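A look at the structure
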Amino acid sequence: MSLLAGCGGVDEPAPAALPAQLNVPLPQAADVGAPVAFRAGLQAAPGLEFSWDFGDGQRSSVPDPQHRYARAGDYEVVLRVQHPSGDFRESRLRLSVSNIAHLDDLDCSAGLGRGWCWLHPLPSGNATHQVRFLTPTTGWRVGEGGDIFKTEDGGRSWQRRPSGTNVALFDIGFADLLNGWITGQRGALLRTRDGGLHWEPSRLPAPLMDGVAQLEQVRPNYLLVRQGVSRILSTDGGATWQSLSSDLSAVGGDGQLWRFQGAELQRQRPGEQHFESQVNFERAGAQSTPSLSLFGPQGVALWVFRAFPVESAQAWTYRIDLHLSHDGGAHWREQALDADGPAIGVKVLQASADGQRLLIDSQGQLRRSEDGGRHWLALQPPESGGFLSHDGAWLFATTPGGAWRSEDWGRTWVPMQLPTAVESPGLARWQRVGERGLQLELPDQVHLSADAGQSWTQVAPLGRPDGGIRALSFADDRHGWRIENGGVLAQTDDGGRKWSPMATAPRASRIQRLSAQQGYVLSLEGRLMGSLDAGRSWSTALPFEVPVHQFRFDDPLSGWALAGNEAWVTGDGGQTWHRVRPPPHTTALALRPQRWVAVGQSGEVAVSTDGGQSWRAAFSGAESFHLVRAVGAHGLVAIGLGGEISRSEDGGLSWQTQRLAGIAPWRDLCFVDEQHGWLAGEAGLFFTADAGRSWTRRVLPTEVGLSQVQFLDAKTGWVVNESGALLATGTGGS
């Protein structure tokens, strides 16, 4: 009891004992601007003093504080707990703060805003190799980088489905809404049994390991795959495979194999080892030429053209016989056709049950008969200059003036509307989707109609889309400019998710945004223009009208511009410029207060210590330079289009050169501090944590080379690939 207790005083609790060690839990997640909760891990701690150092210059004396980080990065957090006796305990945590709040609903390589996220075009800038719609609302698309996307709203939006691979995927097919298959690069084969929620990986056998394998027929446990002239068949869900002989005439959707052996049509049923005779079409004294067609669910048609010699007249007589089966070969009917009708190379597309109505393809010419083949009508497009195609019982006519469909084998034609963006369907491929849906596939785009061609929605590109971005510059994690096709400028204030055109901006070839308000562009005419009001108004930056071909600001005050054999330099944010003459063929400068370095297109290096009045040549050993960056107090890193990376640690007097990817050209380079930098080019993205001494490759969800990289800090960055697509990261790409 204290001496003051009898006078109304209060007992002071004894100071808590220090634990042997502090067990401070690491916060599960930390993002820029979001509150991060820290816990000292002490239940009761009277008399102890707490000191938190959050690693960003901010501190707290609260036992369990919350803190918001203003900048992404890796921070060392230190907690010190001290006893009144002077004894203390200390704990150190390594906390990674990301910048993903504006990315968490995008398609990102590591999910939930992490890794690299596609910003433009959406849903992906990778090439699309195949688009398949199962219904007018449900469709799939596959492409480079292991891309699998599904739509359930007719192509208006696409959601990624994990593929488990980053190889290119070529073809996709579904037997029904649940069972589907995908083929890909290097023999990749994926299967789903639950409508694409999960894809099971496997591999095609050796004959189809290289090249592009196409799905020719798909059933739940049955798969026919073709690559060139090679075909393989599985009837047990891909567990075993059968290489098909090149002498096969047809493969049925139920796994039946068909071939000609002499004058016999033979069939092999699934699971059997031998062929059985179906039709013997031999006729005494005749030379017979057969052709086989499969149509509809179980239709089989054997077309036999026969030539009989007439010796007395030294001439020939002809006969055509058609053998039809509508039940996969269980029952056959034979009928004689007009001997003057189509002869060889005939494919039966449709046949009525009684054999009277026939639709055939005779060497590219569609013909119809209403009387069992005694008379034939050659079908023609409704307008001249077009061509016909078919999908099942529907016919399609494509002409320079439009497109038509026929649902009655060409008796009547109904005009269809073409998509707005399609002036002429050209090499159109029509596919039925469900009862009344249509998919129109053009060389570079896919359109979908739910009403038999009366209205259309463009649902996906084919091939690699042009993202249209030619240059990019961000001042912070929200405010950026970009150059689009034709030199048009656009701006964003949400990190690149939405862009709006800058109506008053000049058309430009290069840009650099230094702050939310200040930035520069190089116009297509070679004028350096500046803005101090976020691009609402522009003025000529240089005091004289000189054609500039390159410029850069290392910070809002220090910058340079190259014009012919001269350089213009500013140290006050462009208020004043003075002219210097760098060495010939200079392509870039690096400016420090006491030392300037110039690099040239043939690997030249020169150093100036008097503000560009005189230059001292140095030897780099490199073939070419087009970009140089200052790193720390004395370091420099320079790159060229020959694939070399050169580094100096003494202000440019001596250099070491290395290659990472052969002669693949490097396009861009950036550093965020004295150690951490990124290198972009045709070989992809590389990262250094030791000022450029060593580099490691960073995996991106694009197979296309890069044209630009920009990072604001260790976590927040963007890359533009050579197709003009834009990706962003708030986690440093990890």
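Residues numbered from 1 in each chain as written. Predicted model: local features only at pLDDT ≥ 70, side-chain atom pairs only at ≥ 80, totals over all residues. Heavy atoms only, no water.

Focus: the overall build of the protein chain
The condition is simple: In DSSP terms, a helix is any run of H or I states spanning at least four residues, a strand is any run of E spanning at least two, and both are numbered starting from the N terminus. What the globule rule says is 2.2 Å times the number of residues to the power 0.38, and the radius of gyration is computed from C-alpha atoms. Only protein chains enter the accessibility calculation, which uses a 1.4 Å probe. A residue is then buried if its area is under 20% of the maximum for its type, exposed if over 50%, and partly exposed in between. Contacts were defined at the residue level, with two residues in contact if any of their heavy atoms lie within 4.5 Å. The protein chains shown are the only cover counted for residues, whose accessible areas, like all others here, come from Shrake-Rupley with a 1.4 Å probe. The charge count treats Lys and Arg as positive and Asp and Glu as negative. His and the chain ends do not count. A single reference atom marks each charge: NZ on Lys, CZ on Arg, CG on Asp, CD on Glu.
Regarding its fold elements, the protein chain presents zero helices and 66 strands. On C-alpha atoms alone, the protein chain measures out to a radius of gyration of 36 Å, which is more than a quarter above the 27 Å that the 2.2 N^0.38 rule sets for 734 residues. By the burial criterion, 51% of the 734 residues in the protein chain qualify as buried. Here the contacts in the protein chain between residues at least 6 apart in sequence split such that 39% fall between residues at least 24 apart. Accessible surface for the protein chain amounts to roughly 33,600 Å². Of this, 49% is attributable to carbon and sulfur atoms. The average position of the 64 basic charges and that of the 77 acidic charges among the side chains of the protein chain differ by 1 Å.

Quick notes on the pairing of strand β61 (residues 677-681)
We count it as follows: Any two strands with at least two DSSP-identified bridges between them are counted as paired.
Here β61 lies mainly inside the structure; five of its five residues are buried. Burial of β61 is two-sided: the residues Gly677, Leu679 and Gly681 facing one way and the residues Trp678 and Ala680 facing the other way are all buried. With five bridges connecting them, strand β60 (residues 666-671) and β61 associate as antiparallel partners. Across the sheet, leucine 669 pairs through a bridge with leucine 679, a residue of β61. When β61 meets strand β62 (residues 684-688), the two strands line up antiparallel, connected through five bridges. Looking at β62, one finds that alanine 680 is bridged to leucine 685. Linkage of β61 to β62, two consecutive antiparallel strands, is achieved through a turn of two residues.

Focus: the sheet that holds strand β6 (residues 88-97)
With antiparallel pairing, four strands are arranged side by side in an open sheet as β3-β2-β5-β6. Each having just a single partner strand, β3 (59-60) and β6 make up the two edges of the open sheet. Inspection of the sheet shows strand β2 (residues 49-53) paired to β3 by two bridges, in the antiparallel sense. By the bridge assignment, aspartate 53 is partnered in β3 with arginine 59.

Details of the environment of aspartate 555
Applicable threshold: N or O atoms closer than or at 3.5 Å make up a polar contact, with two conditions inside protein: a donor-capable atom paired with an acceptor-capable one, and, for residues adjacent in sequence, both atoms drawn from side chains.
When you line up the elements, aspartate 555 lands in the loop between β48 (550-553) and β49 (559-563). Note on aspartate 555: relative accessible area 32%, which makes it partly exposed. Put simply, aspartate 555 and leucine 514 are 41 residues apart on the chain and 7.3 Å apart in space, counted from C-alpha to C-alpha. Engagement of the side chain of aspartate 555 in a polar contact is seen with the backbone nitrogen of leucine 557, the distance being 2.8 Å. A distance of 2.7 Å separates the side chain of aspartate 555 from the backbone nitrogen of serine 558, its partner in a polar contact.

Details of the pairing of β2
By the alternation rule, side chains of β2 split into Phe50 and Trp52, which are all buried, and Glu49, Ser51 and Asp53, of which none is buried. Where β2 lies against strand β5 (residues 73-82), five bridges are found, and the strand directions are antiparallel. In the sheet register, tryptophan 52 faces β5, and the bridge partner there is leucine 79. Joining the antiparallel neighbours β2 and β3 is a turn of five residues, in which glycine 55 adopts a positive phi near 85°.

Re the state of the cysteines
What counts here: The criterion for a disulfide is a pair of cysteine sulfur atoms lying within 2.5 Å.
On inspection of all chains with the given rule, the structure shows one disulfide. Here cysteine 108 connects covalently by a disulfide to cysteine 117, the sulfurs 2.0 Å from one another. One quick way to see it: the torsion about the S-S bond of cysteine 108 and cysteine 117 is about 110°, and its sign makes the bridge right-handed. Not part of a disulfide, cysteine 670 finds its nearest cysteine sulfur in cysteine 117, a span of 17 Å.

What about the confidence of the model for the protein chain?
Going by this rule: Each residue gets a pLDDT score, which is the predictor's confidence in that residue and runs from 0 to 100.
Model confidence for the protein chain is summarised by a mean pLDDT of 91, while 97% of its residues fall at 70 or above. Counting contacts from residues 1-8, a segment whose pLDDT is below 50, to residues more than four positions away or on other chains yields five contacts.

Examining the side chain of serine 234
Tracing the sequence through the fold places serine 234 in strand β18 (residues 230-234). Assessed through its relative accessible area of 0%, serine 234 is described here as buried. Discounting chain neighbours no more than four positions away, the residues touching serine 234 are Asn221, Tyr222, Leu223, Ala239, Thr240 and Trp241.

A look at unusual backbone geometry
Cis peptide bonds are those with omega within 30 degrees of zero, and the linkage from histidine 120 to proline 121 qualifies with -10°. With respect to the element layout, proline 121 can be found in the loop between β7 (117-120) and β8 (128-133). For the bond running from leucine 122 to proline 123, omega is 5°, close enough to zero to count as cis. Mapped onto the elements, proline 123 comes out in the loop between β7 and β8. Its identity is not glycine, yet leucine 112 carries a phi of approximately 55°, on the positive side. As for its position among the elements, leucine 112 is in the loop between β6 and β7. Not every positive phi belongs to a glycine, and arginine 186 is a case in point at roughly 55°.

Things to note about the side chain of glutamine 278
Mapped onto the fold, glutamine 278 is located in strand β23 (residues 276-280). Apart from residues lying up to four places away in sequence, glutamine 278 is in contact with Trp258, Leu265, Gln266, Arg267, Gly329 and Trp332.

Quick look at the packing of aromatic side chains
Rule in force here: Pairing of aromatic rings covers Phe, Tyr and Trp, the last counted by its six-membered ring, and requires centre-to-centre distances within 6.5 Å; plane angles under 30 degrees mean stacked, over 60 mean edge-to-face, and any other angle means tilted. Counted as over-ring charges are cases with an Arg CZ or a Lys NZ within 6 Å of the ring centre that also lie within 35 degrees of the ring normal.
Following the criterion strictly, the structure yields 26 aromatic pairs and no others. Looking at arginine 141, its charged tip hangs above the ring of tryptophan 158, at a distance of 5.1 Å from the centre. The ring of phenylalanine 275 has arginine 259 sitting right over it, with the charged end atom 4.0 Å from the ring centre.

Topic: the environment of alanine 725
Relative to the elements of secondary structure, alanine 725 occurs in the loop between β65 (717-721) and β66 (726-729). C-alpha of alanine 725 to C-alpha of asparagine 126: the two residues are 599 residues apart in sequence and 8.5 Å apart in space. Each residue touching alanine 725, except ones within four places of it in the same chain, is listed here: Trp118, His120, Pro121, Gly125, Gly467, Val719 and Val720.

Focus: the sheet that holds strand β24 (residues 287-295)
Spelled out, the test is: Every axis corresponds to a line fitted to the C-alpha atoms, with the helix fit spanning only the stretch in contact, and the corresponding angles, defined between N-to-C directions, vary from 0 to 180 degrees.
Pairing within the open sheet is antiparallel, and its four strands lie in the order β24-β25-β26-β27. In this open sheet, the two edge strands, each paired with only one partner strand, are β24 and β27 (333-337). With direction set aside, neighbouring strand axes in the sheet form an average angle of 20°. Bridge count between strand β25 (residues 299-310) and strand β26 (residues 315-325): eleven bridges; the pairing is antiparallel. Within β26, the position partnered with valine 300 by the bridge is serine 325.

Some words on the pattern of salt bridges
Using the following cut-off: Should a side-chain nitrogen of Lys or Arg be within 4 Å of a carboxyl oxygen of Asp or Glu, the pair is scored as a salt bridge.
For the structure on display, the rule yields 38 salt bridges. A salt bridge links glutamate 644 to arginine 659; the shortest N-O distance between them is 3.6 Å. Of the two residues, glutamate 644 is situated in strand β58 (residues 644-648) and arginine 659 in strand β59 (residues 656-659); the sequence distance between them amounts to 15 residues. Its relative accessible area of 8% is what places glutamate 644 among the buried residues. Judged by its relative accessible area of 37%, arginine 659 falls in the partly exposed class. For glutamate 722, the salt bridge goes to arginine 667, with nearest N and O atoms at 3.8 Å. With glutamate 722 in the loop between β65 and β66 and arginine 667 in strand β60, the pair connects residues that are 55 residues apart, well separated along the chain.

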